[in-house]
There are 2 protein chains.
Amino acid sequence: MLRALQHMDRCLFTFRCSRVVSVQQATFRFNPQQCPPPLNSSIKLGLSARAAESPVLSCARRQTRSLAAMGTAEAPATATEAQIIDGKLTSELIRKEIALEAAAVKSKYGKAPGLAVVLVGSRGDSATYVRSKKKACADVGIESFGRELPEDVSEEELLKVVQDYNADDDVHGILVQLPLPKHINEQRILDAISLDKDVDGFHPFNIGSLAMRGRQPLYTSCTPKGCLELLRRYNVPISGKRAVVLGRSNIVGMPVAHLLQAEDATVTVVHSKTKDAQALCAEADILIAAIGKAEMVKADWVKPGAAVIDVGTNPVPDDSKKSGYRLVGDVAFREVKEKAGFITPVPGGVGPMTITMLLQNCTEGAQRILEKARAGPSS
Amino acid sequence: MLRALQHMDRCLFTFRCSRVVSVQQATFRFNPQQCPPPLNSSIKLGLSARAAESPVLSCARRQTRSLAAMGTAEAPATATEAQIIDGKLTSELIRKEIALEAAAVKSKYGKAPGLAVVLVGSRGDSATYVRSKKKACADVGIESFGRELPEDVSEEELLKVVQDYNADDDVHGILVQLPLPKHINEQRILDAISLDKDVDGFHPFNIGSLAMRGRQPLYTSCTPKGCLELLRRYNVPISGKRAVVLGRSNIVGMPVAHLLQAEDATVTVVHSKTKDAQALCAEADILIAAIGKAEMVKADWVKPGAAVIDVGTNPVPDDSKKSGYRLVGDVAFREVKEKAGFITPVPGGVGPMTITMLLQNCTEGAQRILEKARAGPSS
């Protein structure tokens, strides 16, 4: 049964990853016979309710499309639109793996992975994120810990909370929800998180280890890791490709540039001071948009067939919505999807992957911490 | 007298930084009236014997060349060859500043800056570097400490040496000469160096702080820092320019890319897996060659007027030399200097700057450590 599920799972992915591209436009060429790369977990399993709708049809389609997707003369290919990279579906699949891993941790060490989330103040968006994180933890069997501190909490009090979680054997990951109020030195708080529990990967030691060849960070920041995971799961080739990262933030642009370079892409970081950002982006085989400007990336910013990963989530006024706004990415989705080879939607692209990578980091971290504790202090 | 020396010093630099460039070829435009940016030291002084040869002539030339250098119609400019960025001269000037700073440290805290260099084994090149470092320290008034350990020293013994220097109040900078023998875990040794004394800037925490916006590393690696210092002292504009870094090593390529980006350049890192490295390099306003391949960068790799910083030092056979070889850079100097706007020679370019930046790091570090000690443990 497990084998059958695995096969169906892979077929579904393969179908989703195969598409019809014109020979001229094809930056990437797919082999539709090739299944997606192995999942991180040693156990791969299951389909979400949505994914399970028609795996057999998917397999059949895969076969009938195979020639066309190769762009052979027998089946001349015509470009239609980009393959949508489905972050929601991918997240669902990965969360199933994580649930299995979390259960395995509990069974092996008698303790579930534990994540502590610290929220300061009452920002609505932060509170929403924290709630989603707690729910996501519960869904995969990670135990949630948390503290909600008033806006005027002192730096020392907050530091004490972090230090207590550092010393707490039930907590394997600590996340301090950013931004913090202005009277608090954010760097001091983040640096105080034990390296072993820095599930957000924002500690300079982890960033340094990410930047340096021959080193591995204990944790890689969740959004950048999610971007790479999407590229990998959709078989987008990275090595030797031109990648442009639009934005140079500490939490997305900079680390994602290092991750792409570690996979042998040739990376250019484009930012607010770049002249002719449009022309540079249009040279990219892989374009990561993380600049926080609503629909800044138009079709003429994109190379035909490129893979476009949209990290932006920008609210724009929309009277048709109850809230009065809707979320859009940094990419003008409608026009770019006519030109790109792959594209992530907003919402439903990178967003769901961020929390999923946090859950993954936490589970892997718990395993590492608990194994170390079992091996004893000399290890 | 001091003022007169300062003026001569600045005139000399100004002359060296002004050149005749054609309007088409001018990637950078100079204002020959503009003196080089202020030196780091609050006191700027002195000329080396070489620099003092003809400062008056330099000043006169500066004035006569000013119109031509502006590329006006009255004095149509024609391209000749690149301005040579003289790392030796620049080093001499900076070392004079450092000597003053070191003397000020000794006078203020009753202790000279101290640098400990640890050498393992008997590699000829390493021993040569260590000797040059010791001599350079003596010249500027930095006290040298050092240990020479046998090739078969154990990792624990080496670690103990580092820890002893960490605890030694007379030592403000620790440098472990690389590479280490294979039986020693290099990462473990480098990570053991106290962050406060990591004058080489190779600790992941320092690299992470370099990579992250809004942070400053305690120390920046010496060769990358030297490259930036040369660009700054020769008034090469960086902000908004396209920079290509050829090579992605931990000690040059990666940190220099971060330094350039911190100055608002748009940076592309080109490496062994890059397709069409030549075309990418030819787009660069600033090209940093640090790939370790003798004369790989030919004229057609360089944009007219670009600033080319050559970090390579590659031995090539040369029967005319006693040693049987000579050192060349990663850049084909002769042909590239006909096309570039600026170029560093090898030797005499980046090389001398590396040790100079080490001396600067050590002196600044000593000041920081001694000030902290004076302020007391609560600081």
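Nothing here was measured: the structure is a model prediction, and the numbers come from that model. One numbering rule holds for all chains: residues counted from 1, following each sequence as written. Chains carry letters and ligands carry numbers; both start at the beginning, A for chains and 1 for ligands, and go up in the order they are written. Confidence filtering applies because this is a predicted model: local features only for residues at pLDDT of at least 70, side-chain atom pairs given and counted only at 80 or more, and all residues used for totals across whole chains, interfaces and linings. Excluding hydrogens and water, the side-chain figures rest on all heavy atoms present in the structure.

Visitor: Before we go on, may I ask you to explain the interface of chain B and chain A in this structure?
Guide: Reports of interface size often rely on the accessible area that becomes lost once the parts have come together. The contact criterion used throughout is that any non-hydrogen atoms of two residues lie within 4.5 Å. Listed by partner, the interface residues are 34 residues for chain B and 35 residues for chain A. The term buried area means the drop in 1.4 Å probe accessible area that two parts suffer when joined, counted for both and summed. Note on chain B versus chain A: buried area summed over both sides is about 3,200 Å², and carbon and sulfur give 49% of it. Considering only the side of chain B, the residues that lose the most area to chain A are M212(B), R215(B) and R248(B), jointly responsible for 19% of the buried surface there. The salt bridge definition used is simple: a Lys or Arg side-chain nitrogen within 4 Å of an Asp or Glu carboxyl oxygen. The interface formed by chain B and chain A holds six salt bridges in total. In this structure, the salt-bridge partner of D191(A) is R215(B), at a minimum N-O distance of 2.9 Å. Throughout this description, a polar contact denotes any pair of N or O atoms lying within 3.5 Å of each other; where both atoms belong to protein, one of them has to be capable of donating a hydrogen while the other can accept it, and for residues adjacent in sequence the pair is counted only when both atoms sit in side chains. The interface formed by chain B and chain A includes 20 residue pairs in polar contact (both at pLDDT 80 or more).

Visitor: Would you mind showing me how to read helix α5 (residues 155-167) of chain B here?
Guide: For an α-helix the count is 3.6 residues per turn, leaving residues at separations of three or four pointing the same way. Residues and elements named next belong to chain B. Every helix listed is a DSSP run of H or I at least four residues long, and every strand listed is a run of E at least two residues long, numbered separately from the N terminus. One less than the residue count of a helix, multiplied by 1.5 Å, gives the span that helix is expected to have. An ideal rise of 1.5 Å per residue puts 18 Å on 13 residues; α5 measures up with 18 Å between its terminal C-alpha atoms. Think of it in three bands: with a 1.4 Å probe and only protein chains considered, a residue is buried below 20% of the maximum accessible area for its type, exposed above 50%, and partly exposed in between. Of the residues making up α5, those classed as buried are E155, L158, L159, V161, V162 and Y165. Buried positions in α5, seen along its axis, are confined to an arc of 155 degrees and lie on one side of it. As used here, the arc is the angular range of directions from the helix axis to the C-beta atoms.

Visitor: Looking at this structure, I do not really get unusual backbone geometry. What am I missing?
Guide: Negative phi is the rule for most residues except glycine; trans is the rule for most peptide bonds. The omega torsion of the bond from V346(A) to P347(A) falls at -5 degrees, within 30 degrees of zero and hence cis. On the secondary structure map, P347(A) appears in the loop between β11 (342-343) and α12 (350-375). Unlike most non-glycine residues, N235(B) shows phi in positive territory, near 55 degrees. Counting through the fold element by element, N235(B) comes out in the loop between α8 (222-233) and β5 (242-246). Phi angles above zero are rare outside glycine, and D264(B) is one such case at about 75 degrees. With respect to the helices and strands, the residue D264(B) is situated in the loop between α9 (253-262) and β6 (266-270).

Visitor: I tried to follow the sheet that holds strand β4 (residues 173-176) of chain A on my own but got confused; where do I start?
Guide: Each strand in a sheet pairs with its neighbour through backbone hydrogen bonds, running either in the same direction (parallel) or in the opposite one (antiparallel). Residue and element names in this part refer to chain A. DSSP-based pairing: two strands are paired if at least 2 bridges between them are found. Pairing is parallel across the open sheet formed by three strands, whose spatial order is β3-β2-β4. At either margin of the open sheet sits one strand with a lone partner, and together these are β3 (143-149) and β4. Neighbour to neighbour, the strand axes of the sheet diverge by 15 degrees on average, direction disregarded. Where strand β2 (residues 114-120) meets β4, four bridges bridge the pair, whose relative direction is parallel. If you follow L115 over to β4, its bridge partner there is G173. Contacting β2, β3 and β4, helix α5 (residues 155-167) runs over the sheet at an angle of about 165 degrees to β3. Axes here refer to lines fitted to C-alpha atoms; in helices the fit is confined to the stretch in contact. Angles between the N-to-C directions go from 0 to 180 degrees.

Visitor: Where do I start with the relation of the copies chain B and chain A in this structure?
Guide: Mapping one chain copy onto the other needs a rotation about an axis and a shift along that axis. Once turned by 180 degrees and shifted 0.0 Å along the axis, chain B lies on chain A with an RMSD of 0.0 Å. Interpreted geometrically, this transformation is the action of a two-fold axis. C-alpha atoms of residues with pLDDT of at least 70 in both copies form the basis for the least-squares superposition of the copies.

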